[in-house]
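# Coordinate inspection notes
Listed below are the residues making up each chain.
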Amino acid sequence: MRGSRRLAAALASGVVLLIAAGLAPGSAPPAVLPYNIVVVITDDQAAGAGIDAAAMPWLHAQIADPSTGWVAYDDAVVSTPMCCPSRATIFTGRTAMSTGVVDNHTGWRLDESHTLATRLQDAGYGTALIGKYLNEYPWDRGPYVPPGWDRWFAKTNEALDTTYYGYQVIDNGAVRQFGRAPGDYVTDVLGREALAFVRTATADRPWFLVFAPPAPHAPWTPAPRHEGDLEGLPVTDPPPAPSDAPAWMRAVPPLGPAALERFARARVRAGEAMRAVDEHLHALADAIAARGAWDRTVVLFLSDNGMHFGERGWVGKRVPYEPSIRVPFAVRWPPGLTGPPASSLVTNLDVAPTVADLAGLAPEPADGLSLLTDLPADRAVPLWWVGDDEVPGWRGVRTADAVLIEWSTGERELFDLSRDPAQDHDLIGDPAWAEMEAALTALLP
């Protein structure tokens, strides 16, 4: 059973330490620390423009080499495709319906007294968040540090034009203003701070780092050194909305040639913006290895949601289709520890249970599963969005092969993802799919 992997790996580490210290059998070995854990959260990174050789050459090469321990999970989804709800889910393992963080304006509802950070800190971990936290933080509370964090370097989110330059950071309670010089590029500033945390972390205490750069969020600004790196990268025109799309989507004005060209360019620049993230992830891995801690460090890499760049005539997220809900998701498993097969259906709901399991914490009720357990082959992931003035609310359920969507308007959609990954052919009303529709309906959140 995979539930025993963490214990087996710890015992194996203990044997290595025993041999390295030259201790005879029966001697007291040095204490075996729990795993260090790094969670990297990118912002609006589409799975289709994710961990590839163009955007993230170092990480792509690591995944391609089976000896590194990196595994990319190609079937990874988020339960609510919106930044703030998804991040609250990552910190808790619970759906947006449960956390109360239902959109980008309700981050203040998160119960910060009980998150991954507080649990790990109580368990003896050193904890750090470097980067984006929840949208609109710090709300009306002043430059406060949420409970559970020993090191806090959180970027505020004032406006779109402060995504990469001209932003503020709450640095352990103090407000710091950054300008628009090349050295203020946000991914580089955050990367340096994350590197400093890793290099100075106490050696006799495990640590938990959340590194959350806002790349590749709009306006898709690469570091100056990466401007034009992906010029000429081929980009195909996205497919338009099918004729049987929900009524509200059919009413969206179609994207003209100029808009399609603009968003094709945005997709390329998003890839260029990820190059700096790739560099800093590489630097973090090297720094951890230099401290001799790489063999007991787990890294989880994912995006808070995907992104439509014109697919189905839509730009943005908030919709239950694959470009919005699918995300890049990769895990670096150290020696002696393995996760589920790369083909497994995984979700942002799984991050908190997995991290807690790695830290040896007692299980708590969650809507996700630890990746150290056997994931069910017939797994069903709940999907949900509260709705707003532009996109109606919806609920859904996603399996490895199919997705059922029910809109607040009463419209329903069913897609066979194994044969129709672009979701062009709605199967609602198809007699051959009536039994599947009924089974998935019973699983709707």
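Going by the structure above, here's the rest.
Being a predicted model, the structure only gives us computed values, none of them experimental.

So, on to the overall build of the protein. Each helix and strand counted, the protein has eleven helices and 17 strands in total. Its C-alpha atoms give the protein a radius of gyration of 22 Å, within 12% of the compact-globule value 22 Å for 445 residues. Counting only C-alpha atoms and orienting by the principal axes, one finds that the protein spans roughly 70 × 55 × 45 Å. Here the protein holds 445 residues, and the buried ones make up 57% of them. A separation of at least 24 residues holds for 67% of the contacts in the protein among residues at least 6 apart in sequence. Of the roughly 17,600 Å² of accessible surface on the protein, 57% is carried by carbon and sulfur atoms. On the protein, the mean spot of the 35 positive side-chain charges and the mean spot of the 54 negative ones are 5 Å from each other.

What follows is about the environment of Pro 206. Looking at where Pro 206 falls in the secondary structure, it is placed in the loop between helix 6 (186–200) and strand 8 (207–212). Separated by 147 residues in sequence, Pro 206 and Leu 59 place their C-alpha atoms 24 Å apart. Setting aside chain neighbours within four positions, we find Pro 206 in contact with Leu 33, Pro 34, Tyr 35, Asn 36, Gly 124, Tyr 125 and Gly 126.

Attention now goes to the sheet that holds strand 6 (residues 168–171). Here we have nine strands laid out as an open sheet, ordered 2-12-9-1-8-4-5-6-7, and mixed in their pairing. Strand pairing shows two members of the sheet lacking a second neighbour, strand 2 (70–72) and strand 7 (174–177), which therefore form its edges. Strand-to-strand, the axes of this sheet are offset by a mean angle of 15 degrees, without reference to chain direction. The sheet contact formed by strand 2 and strand 12 (residues 329–332) spans three bridges and is antiparallel.

So, how was this worked out
Residue indices begin from 1 for each chain and proceed along its sequence in written order. For this predicted model, a pLDDT threshold of at least 70 governs which residues receive local features, and a threshold of 80 or more governs which side-chain atom pairs are given and counted, while totals over whole chains, interfaces and linings are taken from all residues. Computation of side-chain values covers all heavy atoms of the structure but excludes hydrogens and water. The secondary structure listing takes helices from DSSP runs of H or I that are at least 4 residues long and strands from runs of E that are at least 2 residues long, numbered from the N terminus. The size measure is the radius of gyration over C-alpha atoms, and the globule rule it meets is 2.2 Å times the number of residues to the 0.38 power. Burial classes: relative accessible area under 20% of the type maximum marks a residue as buried, over 50% as exposed, and values in between as partly exposed (1.4 Å probe, protein chains only). Contacts are residue-level and defined by heavy atoms, with any inter-residue pair within 4.5 Å sufficient. Per-residue and other accessible areas were derived by the Shrake-Rupley procedure at a 1.4 Å probe size, with only the shown protein chains allowed to occlude residues. As used throughout, the charge tally considers Lys and Arg to be positive and Asp and Glu to be negative, leaving His and the chain termini uncounted. By convention, the point assigned to a charge is CZ for Arg, NZ for Lys, CD for Glu and CG for Asp. At least two DSSP bridges between two strands are needed for those strands to be called paired. The axes used here are C-alpha line fits, helices contributing only the stretch in contact, and every angle between their N-to-C directions lies in the interval 0 to 180 degrees.

Coordinates in, geometry out; function isn't part of it.
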